[in-house]
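# Examining the three-dimensional arrangement
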Amino acid sequence: MGGRLCRTFGASLVHRGFEVTLVEMLNQVLPPVDVEHARVVEALLKRHGVRLALNDGVAGFNQAANGAIDVQTKSEKIYPADVVILALGVRPDTTLAKKAGLEIGERGGIRVDEQMRTSDPDIFAVGDAVEVK
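Structure report, in brief. Computed from a prediction, not measured in an experiment: that's the story for all the values here.

## Focus on helix H2 (residues 35-47)
When the terminal C-alpha atoms of H2 are compared, their 18 Å separation across 13 residues agrees well with the 18 Å that a helix rising 1.5 Å per residue should span. Those residues of H2 that fall on the buried side of the exposure criterion are Ala38, Val41, Glu42, Leu44 and Leu45. One side of H2 holds all its buried residues, which, seen down the axis, span an arc of 160°. Summarising the geometry of H2, the exposed residues directed more than 90 degrees from the buried face are Glu36, Lys46 and Arg47.

Rendered as structure tokens:
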């Protein structure tokens, strides 16, 4: 699975001769998964030639003099690019869960156990808003 996953994240572009830099605002790729699994994916990406810029979100874009695009990050680094692909994730809407007093996990999802029970044993949660171990 790892090799297939990497090809979908830029290794195919590297294989076609592109220099690929993945800029991620958070400290890991694939924020919905746990850090240990994300590190495996990051190692595969690097092995396939993808450069990672973690903990540094995109702040803006500027037209360079040569017609390329300068991607500026929040740390003020500049990454020149001919092509920019925006792959924006989503964050779970846990407003109702917070108002209900349910426990929210480290990654911002509703914490559930193996049976999908929340911190309130009478409330179950499923879908993109949950966080499981």
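Okay, back to it.
## Points about the pattern of salt bridges
Tallied over the entire structure, the rule returns 5 salt bridges. The partner of Arg39 in a salt bridge is Glu42, and the shortest N-O contact between them spans 2.9 Å. Taken together, the residues span about one helical turn, with Arg39 and Glu42 both in helix H2 at a distance of 3 residues. For Asp113, the salt bridge is made with Arg117, and the minimal N-O distance between the two is 3.0 Å. Relative accessible area serves as the criterion here: at 24%, Asp113 is assigned to the partly exposed category. Taking the relative accessible area as the measure of exposure, Arg117 reaches 31% and is therefore partly exposed.

## Some thoughts on the sheet that holds strand E3 (residues 58-63)
By way of backbone hydrogen bonds, the strands of a sheet pair with one another, either parallel or antiparallel. In space, the 3 strands of this open sheet follow the order E3-E4-E5, with antiparallel pairing throughout. The strands lining the two open edges of the sheet, one partner per strand, are E3 and strand E5 (78-81). Neighbour to neighbour, the strand axes of the sheet diverge by 25° on average, direction disregarded. Relative to strand E4 (residues 69-73), E3 runs antiparallel, the two being bridged by 5 bridges. Pairing of Val58 across the sheet is with Thr73, part of E4.

## Description of the environment of Val14
Checked against the element boundaries, Val14 lands in helix H1 (residues 2-15). On a C-alpha basis, the gap between Val14 and Pro80 in space is 16 Å, while along the polypeptide they are 66 residues apart. Dropping the residues within four chain positions of it, Val14 is found in contact with Val20, His48, Gly49 and Val50.

Cut-offs and rules
- Residues numbered from 1 in each chain as written.
- Predicted model: local features only at pLDDT ≥ 70, side-chain atom pairs only at ≥ 80, totals over all residues.
- Heavy atoms only, no water.
- Helix = DSSP H or I, 4+ residues; strand = E, 2+ residues; numbered from the N terminus.
- Expected span 1.5 Å × (residues − 1).
- Buried < 20%, exposed > 50% of the residue type's maximum accessible area, 1.4 Å probe, protein only.
- Arc of directions from axis to C-beta.
- Salt bridge = Lys/Arg side-chain N within 4 Å of Asp/Glu carboxyl O.
- Pairing = 2+ DSSP bridges.
- Axes fitted to C-alpha atoms, helices over the stretch in contact; angles between N-to-C directions.
- Contact = heavy atoms within 4.5 Å.

Purely geometric stuff here, so don't read any function into it on its own.
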